[in-house]
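# Architecture at a glance
In case you want the letters, here they are:
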Amino acid sequence: MTQAEKVKNRVREFRLNKPGTEAQLVFADALWHFRSDGHAHWMKIAGGAELAGKIERFALDKKRRALFLWFKDGSRLVAKKTWLGPRVRAT
């Protein structure tokens, strides 16, 4: 099982602010917060450190209202806000 699949299986909720500059992945025991705009680019991890340490990089796409996470094993997680609700996919 890839690192992205492990994260996908644990995600309970995906939140994205209206401008698409901040996103949160909510787990039963953790909260990952990501911010990326013209002034800041950071992530704050509360819990889930064993998987968070495997994140290589992240990006927020305002136009597609999505969060992309790349992991060190080459896998990728995509979390999107759609009109059907949040969608989280591991590739």
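Our structure is the block above this text.
The rules we used
- Residues numbered from 1 in each chain as written.
- Predicted model: local features only at pLDDT ≥ 70, side-chain atom pairs only at ≥ 80, totals over all residues.
- Heavy atoms only, no water.
- Salt bridge = Lys/Arg side-chain N within 4 Å of Asp/Glu carboxyl O.
- Helix = DSSP H or I, 4+ residues; strand = E, 2+ residues; numbered from the N terminus.
- Buried < 20%, exposed > 50% of the residue type's maximum accessible area, 1.4 Å probe, protein only.

## Things to note about the pattern of salt bridges
- A full pass over the atoms with the stated rule returns 4 salt bridges.
- One salt bridge connects arginine 10 with aspartate 29, and the closest N-O pair in it is separated by 3.0 Å. Taken together, the positions of arginine 10 in helix α1 (residues 3-10) and aspartate 29 in the loop between β2 (22-27) and β3 (31-36) put the pair 19 residues apart, joining distant regions of the chain.
- Looking at arginine 10, the relative accessible area reads 26%, which means it is partly exposed.
- Look at aspartate 29 and you get exposed, because its relative accessible area is 55%.
- For aspartate 61, the salt bridge identified is with arginine 64, shortest N-O distance 2.9 Å.

## Section: unusual backbone geometry
- Even without being a glycine, arginine 65 presents a positive backbone phi close to 50 degrees.
- With respect to the helices and strands, the residue arginine 65 is situated in the loop between β5 (55-61) and β6 (66-71).
- Judged by relative accessible area, which is 27%, arginine 65 ranks as partly exposed.

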